[in-house]
Amino acid sequence: MAALQEETENENKMFGPLVFENTRHSNPLEMESEIICLLCDNTFNLTLSFDIFVKHLFEVHNLVIEDVQNIENLSDYLQYWRDKFKNIPIEEVVPAIKIDSSGQYYFVLSTLLCEDKELRHKLRLEYVLKVQESERTDSNYTRPCLFCKLNFEGTRADFVNHLTSQHNLQIGNPQNLVYIEELIEKIDKKLNDLTCIFCSKVFPERNTLKEHMRKKLHKRLNRRNTEYDKYFMINYLEFDKKSKAIQRENEEVAQLIEENTNNDEEYYDWNEKEDFIICLFCDKRETNINTLCLHMEADHDFDFAEFTKDFDFYQKVKFVNYVRRQMHSNKCFYCDLSCKTPRSLQEHLFEKQHCKIPEIKIFDQPEIRWLTRTSRIVALCSAANFINSADRVIMPIAIVPMTDIFQWTLHAQGWILSAFAFGYFTSQIL
């Protein structure tokens, strides 16, 4: 009997409410800690008696909620299903499974139910947006800089901009980030552990790590690394949306930089000012095309090298000119939507995720190569100047046989030869 009782107890332990200690993250934005059970009128304090609440659902109502400890806005989640079960019995909505040992049916509320999955996604997105808005408006964020002695005080976005502008650490656009403070702490820990934040390679000393990150262009986040997915808003927009490999490592560029590292010594006294290259989608300026491409990958979700790898040279030129023209006219280069201001165009590109290549027939046209009005004017003026110069050189030679044909007098020849000077004089007045 004792053995049979022990076996029964072990079977009962194999199925029950899953409660993981210290896994339920606190929700500073959730004001209500008192909630009502979704199947009865009992109330529970989520902060003090969360385990009791989960046990109550399992033992009293035979209900198991998948991953309940990690549901954002749990009170809203429970209220939704409470209202649902008032009108429709739980048996008609939630699938049930039978336990052979006890013969009882248990209801499992999980993401396998499409309605539950949509609800969790909606609540999660709302929660993350609240967290992001709280981070944007909080101007009391203080933290020492990761690289210099500055004790920063201000908004989290300004701190990220400081890391980008002063130390060239490419985390991403602050408007696209969330849980920034946690992300900074993660980066700080990796640097203190002498670990590259991009390739996760460990180095024996800090100077070696800094030189590696500089030469390999690894002062940026590797979006292929799923541990960073939590910090980018794009991963919360759609069901099961995975972050694209926005900042994939360009091995050819890195190899080229390594090969030409010593060449810079030959031009140490070269002080000529470098030309700026402007981003296709914003006013960001860089002197290095590789740095600008990294910016477009991180802030605009646009990998220029990857997206245009199948284009020939002239197709790339046509695409760049097409994008420049559309952005100058405040039009979306993907859907051709007209926007009132550059800011509204930027918002449209981000919300609709339209920073991508349109159909090639849209921009692969002969006139795109000479797109701007200024280019056409310069080309026509050059052609006119060429014709005038040709007339000036050819007419003194050609007037001899032409005089024989048309029987011009010396007076007529003088007017013809002076026509160039007369045209030149009048064109200056015009």
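Residues numbered from 1 in each chain as written. Predicted model: local features only at pLDDT ≥ 70, side-chain atom pairs only at ≥ 80, totals over all residues. Heavy atoms only, no water.

**Describing the UniProt feature "domain: C2H2-type" (unreviewed entry) in the chain**
Inference 1: According to UniProt, the "domain: C2H2-type" (unreviewed entry) feature falls on residues 194–223.
Inference 2: Secondary structure across residues 194–223 comprises 33% helix and 0% strand; the distance between its end C-alpha atoms is 20 Å. (UniProt positions renumbered as here; feature names shortened; annotations may be inferred. Helix = DSSP H or I, 4+ residues; strand = E, 2+ residues; numbered from the N terminus.)

**Quick look at the packing of helix α3 (residues 74–87) against helix α4 (residues 114–137)**
Inference 1: For the pair α3 and α4, the least separation of the axes is 10 Å and the interaxial angle reads 145°. For the pair α3 and α4, the sense of crossing is right-handed. Residues Asp76, Tyr77, Tyr80, Trp81 and Lys84 of α3 touch α4, and the partners they reach there are Glu115, Asp116, Leu119, Arg120 and Leu123.
Inference 2: Taken together, the residues of the contact of α3 with α4 sort by class into 5 nonpolar, no polar and 5 charged. (Axes fitted to C-alpha atoms, helices over the stretch in contact; angles between N-to-C directions. Left-handed = near helix turned anticlockwise from the far one by under 90°. Contact = heavy atoms within 4.5 Å. Nonpolar A, V, L, I, M, F, W, Y, C, P; charged D, E, K, R; others polar.)

**Considerations on the sheet that holds strand β4 (residues 96–98)**
Inference 1: Taken in spatial order, the 3 strands line up as β3-β5-β4 in an open sheet, and their pairing is mixed. Of all strands in the sheet, those with a lone pairing partner are β3 (63–65) and β4, marking the two edges. Each strand axis lies, on average, 30° off the axis of its neighbour in the sheet, ignoring direction.
Inference 2: Summarising the sheet, β3 and strand β5 (residues 105–109) pair through 3 bridges and their orientation is parallel. The residue of β5 that forms the bridge with Ile65 is Leu109.
Inference 3: Running at roughly 145° to β3, helix α2 (residues 50–61) makes contact with β3 and β5 of the sheet. (Pairing = 2+ DSSP bridges.)

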